[in-house]
Structure formats: C-alpha cells, structure tokens
Amino acid sequence: MAPRPAAGEVDRPPVSLADFADLAREVLPAGVWDFVSGGSGVETTLAANRAALDRVAVLPRVLTGVERPRTDAVLLGREQSMPVAVAPMAYQRLLHPDGEPALAAAAGAAGVPYVLSTLSSTPIEEVTAATDGPVWFQLYWLRDRALVAELLDRAHAAGCAALMVTVDVPVLGRRLRDARNGFALPPEVTAANLPGDRDDLAHTGTPGVSAVAVHTGAVFAPALTWADLAWLRDRTRLPLLVKGILDPRDAVRAADVGVDAVVVSNHGGRQLDGAPATATVLPEVVAAVGDRIEVLVDSGVRSGTDVLRALALGATGVLLGRPLLWALAAGGRAGAQAALDLLAVELRDGLTLTGCADPGQARRLRTLTGG
C-alpha cells in the first residue's frame, strides 16, 4: 500500500470532509475502497441516502442576535462537544495500520464518543486505553450466547460508557462489489474480539464470493428477537441503544423494552437494497417515540450541514461513518482529527447561518423537502 500523507502534508489541505475521500482513494487498494464505499445490491439505498439529505432544505431564522453559537450537546446524559458520535465500523486496520486506537483517540480529542465495533481489528481493551473520551461498544448478536455475555463483560470491565446493539444484520447484505472482487481480509487484519477458530473464513479469497460475508454468516445469529433485546436490557445498566431502526413501530417497541435511544439506520445502504433513506423516515420515528427516548440517525451523512439537517428533522444526534474512515486512511489519527475539526467548523457555520445559538435550537427549525 502506498504511504499515506499526513493531513497537514498534502499539497492542498482538505477544506471539506469530501476532500478526504479523494485522498483516501489515492492510497487504498481498489478492493478496500469498494469494501468501505460500496453498498448492497445495485446500491439503490446507498444513493437514496445522499439524495434524500440533499432534498432537505432548512429554513433559517434571522435577527436572532447569535454571533458565535455553541456546538455542544447532551447525548445519553453526557455532554459532548457536538451532537455527533463516530459510527461503529469494522476492521479499521484495513484503512491504516493504527486502526481503531487512532480514530478513537481523535474522537476523544474532539470531544465526541467513539463507537467500537464487535468486528474491530483491535481488542476492546486496547481501544479504550487509547482515548480519554467515551467509548460505546457496538454488539453484533452472535450464535454463541456465552460469547455475547463475554463481550458484554469485557466492555463493562474496559469502561465502555454505553452499549449499542445492531439489529439489521440477520445476514450480511449482498455487497456485489465485494463479491466481484472476491474480497478477503489480509492476514494482518483480524476480528480481534472474537475467537480465531473461524477467522480463516474471512481470509480465504474465492472468486465471486465475499469472504467477510462467509465469516459473518458463520458467527452471526440470524434470528435475533425482542426477547433477546429484553435479555440484554436486563444484563446491563449502561445506556442501551438499538441501531438499525426504520419502522416507527419498531422504535416504539424498543422504547417499551426500556432502551435509551434508537439509531435510525439502513447500515449506510449496506443491508436491504431498497430500504428507505434514513432522512425520509426520521421524522416519523421522532414523532412516534416523542420524548421517551433519544433518536440518533446515520447513513449518508457527509458534512456539518448534514448534521444540521438531521437536527432540524428531529434527531438528537448523528453517527458519522465513512468520511472518518477516509480521513483515517489519508492521515491516520491526524487525518481523523482534522476531519472532526472541519465538521465542527461546518456545524458552527450552519448554526450561525440559521440563527441558532446551539444544536437544541436547530431541532426547532422548519424544513422543506425538494429544495
């Protein structure tokens, strides 16, 4: 892999999060770029996420006297520098040798939570030790219930501040780019939190087959139920988020089980191709649960303006994914930190231009669809 320039060493320093994508594409192998950037099926939902956000127009308020708005917000009862968390994303050492610890450290320095994936390429304990900021642990439900319990115990012992269970992956969506590439993990990148007895499945390349899909099919439980969620709620006193909600009825049922937040998500367009864009269903979910629980959103977010749009649609906060992987690929921790700094600038600019003193006021803005 070609050496990655640090964020401050490029000829034209990034001035938007989109610039990091261009830098990442220059240094990543084509198969890794496709693994991160691609979606499932013919990528209808992947494109819809972006199109739906672009259709959201925010009505600014004027003459509000706001000179320099605050960007801080409370997520899960804890004040953060922005209403943003780093989304859970697998195998970050694919992007940069420093992987998850580098991105977690950047998140901590930026004052936002880092969500650590079950499929992290670095163990839970090493990631929590790498940052002074909060780490939320994301759980994929595994066939082995004892291993699920072990992961929960490790997350508690490592000081994770919240648990997030992903519920939209009974099986991995058919990601055609990965299948066409016969994508497999390189030997040095492993699912560091899971036993290694099936890890060879993720490293065995086969034409027309995603090795990652084969591996997850062997270890993920395909039949997660509401009873499992209730078991998890009883198993932890940490704040509990459910990620992968699209139908408002499921959001209400999650609230009934006692979760603290839901994440409106279609997995970045990587699961059901043909699922709605999250920006389209977000207002319905917010209306359905009211003030009972927090509602976060992900999928397609690419800028501080998108964070502002999500707030105006009623979200409590936003999970930011791919842009931070691109920044990690381009410049390691420094690249990720530069991207989060840019995000804060973009969000503050959006708040200023809409006359909002803080993100809470942005949630009271009106929106129009269609420009």
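Residues numbered from 1 in each chain as written. Predicted model: local features only at pLDDT ≥ 70, side-chain atom pairs only at ≥ 80, totals over all residues. Heavy atoms only, no water.

> Please set out the overall build of the protein chain residue by residue, giving values where relevant.
When you go through the protein chain residue by residue, the secondary structure sums to 15 helices and 12 strands. Over its C-alpha trace the protein chain gives a radius of gyration of 19 Å, about what one expects of a compact globule, namely 21 Å for 371 residues. Along the three orthogonal principal directions, the C-alpha set of the protein chain runs to about 65 × 55 × 40 Å. In the protein chain, of all internal contacts separated by at least 6 residues, the share reaching a separation of at least 24 is 73%. When the accessible area of the protein chain is evaluated, it comes to approximately 14900 Å², of which 52% is carbon and sulfur surface. Across the protein chain, the mean location of the 34 positive side-chain charges is 4 Å away from that of the 41 negative side-chain charges. (Helix = DSSP H or I, 4+ residues; strand = E, 2+ residues; numbered from the N terminus. Rg over C-alpha atoms; globule rule 2.2 N^0.38 Å. Contact = heavy atoms within 4.5 Å. Areas by Shrake-Rupley, 256 points an atom, 1.4 Å probe, with all protein chains shown as cover. Lys, Arg positive; Asp, Glu negative; His and termini not counted. Charge placed at Lys NZ, Arg CZ, Asp CG, Glu CD.)

> Would you mind going over the side chain of glutamate 346 in detail, with residue names and values included?
Mapped onto the secondary structure, glutamate 346 falls in helix α14 (residues 322-353). As a buried residue without a salt bridge, glutamate 346 has its nearest oppositely charged side chain in arginine 50, at a separation of 9.7 Å. Not counting residues within four places of it along the chain, the set of residues in contact with glutamate 346 comprises Val15, Ser16, Leu17, Ser303 and Gly304. (Buried < 20%, exposed > 50% of the residue type's maximum accessible area, 1.4 Å probe, protein only. Salt bridge = Lys/Arg side-chain N within 4 Å of Asp/Glu carboxyl O.)

> Account for the packing of aromatic side chains, naming residues and giving values.
Applying the stated criterion across every chain yields a total of 4 aromatic pairs. Between tryptophan 33 and tryptophan 326, the ring centres sit 5.8 Å apart and the planes meet at 20 degrees, which makes this aromatic pair stacked. Taken as a pair, tryptophan 33 in helix α2 (residues 30-37) and tryptophan 326 in helix α14 lie far apart in primary sequence, 293 residues in all. With respect to burial, tryptophan 33 and tryptophan 326 carry one shared label: buried. For the pair tryptophan 141 and tryptophan 231, a centre-to-centre distance of 5.6 Å together with 85 degrees between the ring planes defines the contact as edge-to-face. Of the two residues, tryptophan 141 is situated in the loop between β6 (135-140) and α6 (145-157) and tryptophan 231 in helix α10 (residues 226-235); the sequence distance between them amounts to 90 residues. Looking at tryptophan 141, the relative accessible area reads 7%, which means it is buried. (Phe/Tyr/Trp six-rings, centres within 6.5 Å; stacked < 30°, edge-to-face > 60°.)

> Any details on the pairing of strand β9 (residues 261-264)? Residues and values, ideally.
The alternating pattern of β9 places Ala261 and Val263 and Val262 and Val264 on opposite faces, both of which are buried. In this sheet, β9 lies alongside strand β8 (residues 240-245) in parallel orientation, the contact comprising 4 bridges. Each bridged residue has a counterpart across the sheet, and for lysine 243 the counterpart in β9 is valine 263. Handedness of the crossover joining β8 and β9 through helix α11 (residues 248-257): right-handed. (Pairing = 2+ DSSP bridges. Right-handed = clockwise from strand over helix to strand, strands pointing away.)

> Which residues make up the nonpolar core, and what are the values?
Counting residues in each nonpolar core, the largest one holds 113 residues, and the members touching the most others are Tyr91, Leu94, Tyr114, Phe137 and Val262. Broken down by element, the residue count for this core peaks at 15 residues, all from α14. Leaving out residues up to four positions away in the same chain, tyrosine 114 has contacts with Val86, Gln92, Glu100, Leu103, Ala104, Ala107, Val127, Pro134, Val135 and Trp136. By size, the runner-up hydrophobic cluster in this structure holds 13 residues, among which are Ala87, Trp136, Ala162 and Met164. (Core = buried A, V, L, I, M, F, W, Y, C linked by side-chain atoms within 4.5 Å.)

> Summarise the pattern of salt bridges; cite the residues concerned and give the values.
Considering all chains together, one arrives at 14 salt bridges under this definition. One salt bridge connects aspartate 34 with arginine 177, and the closest N-O pair in it is separated by 3.1 Å. In this pair, aspartate 34 is assigned in helix α2 and arginine 177 in helix α7 (residues 176-181), connecting sequence segments 143 residues apart. Assessed through its relative accessible area of 24%, arginine 177 is described here as partly exposed. Arginine 309 is the partner of aspartate 306 in a salt bridge, and the nearest nitrogen-oxygen pair spans 2.8 Å. Of this pair, aspartate 306 and arginine 309 are both found in helix α13 (residues 304-312), 3 residues apart, which corresponds to roughly one turn of the helix. Sharing partners across several salt bridges, the network here consists of Arg50, Asp54, Asp306 and Arg309.

> Could you give an account of the side chain of aspartate 34, with specific residues and numbers?
Overall, aspartate 34 belongs to the buried group, its relative accessible area being 18%. Dropping the residues within four chain positions of it, aspartate 34 is found in contact with Arg177, Asp178 and Asn181.

> Describe unusual backbone geometry, and please don't skip the residues or the numbers.
Note: most residues except glycine have negative phi, and most peptide bonds are trans. The residue leucine 63 is not glycine, and still its phi comes out positive at about 55 degrees. Topologically, leucine 63 is positioned in the loop between β1 (56-58) and β2 (73-75). In this model, tyrosine 91 sits at a positive phi of 50 degrees, which is unusual for a non-glycine residue. On the basis of relative accessibility, which here comes to 1%, the residue tyrosine 91 falls in the buried class.

> Give a detailed account of the pairing of β6, specifying residues and quantitative values.
Of all 6 residues that make up β6, 6 are buried, and the element is covered over most of its length. Side chains Val135, Phe137 and Leu139 of β6 all project onto a buried face; the interleaved residues Trp136, Gln138 and Tyr140 project onto the opposite face, where all are buried too. Of the strand pairs in this sheet, strand β5 (residues 114-116) and β6 are connected by 3 bridges, and their pairing is parallel. Residue pairing across strands places tyrosine 114 opposite valine 135, the latter belonging to β6. Handedness of the crossover joining β5 and β6 through helix α5 (residues 124-129) is recorded here as right-handed.

> Kindly report on the confidence of the model for the protein chain, identifying the contributing residues and their values.
Scored by pLDDT, the protein chain has a mean of 95; 97% of the residues are at 70 or more. Counting interchain partners and residues more than four positions distant, the pLDDT-below-50 stretch residues 5-10 has 13 contacts. (pLDDT = per-residue confidence, 0-100.)

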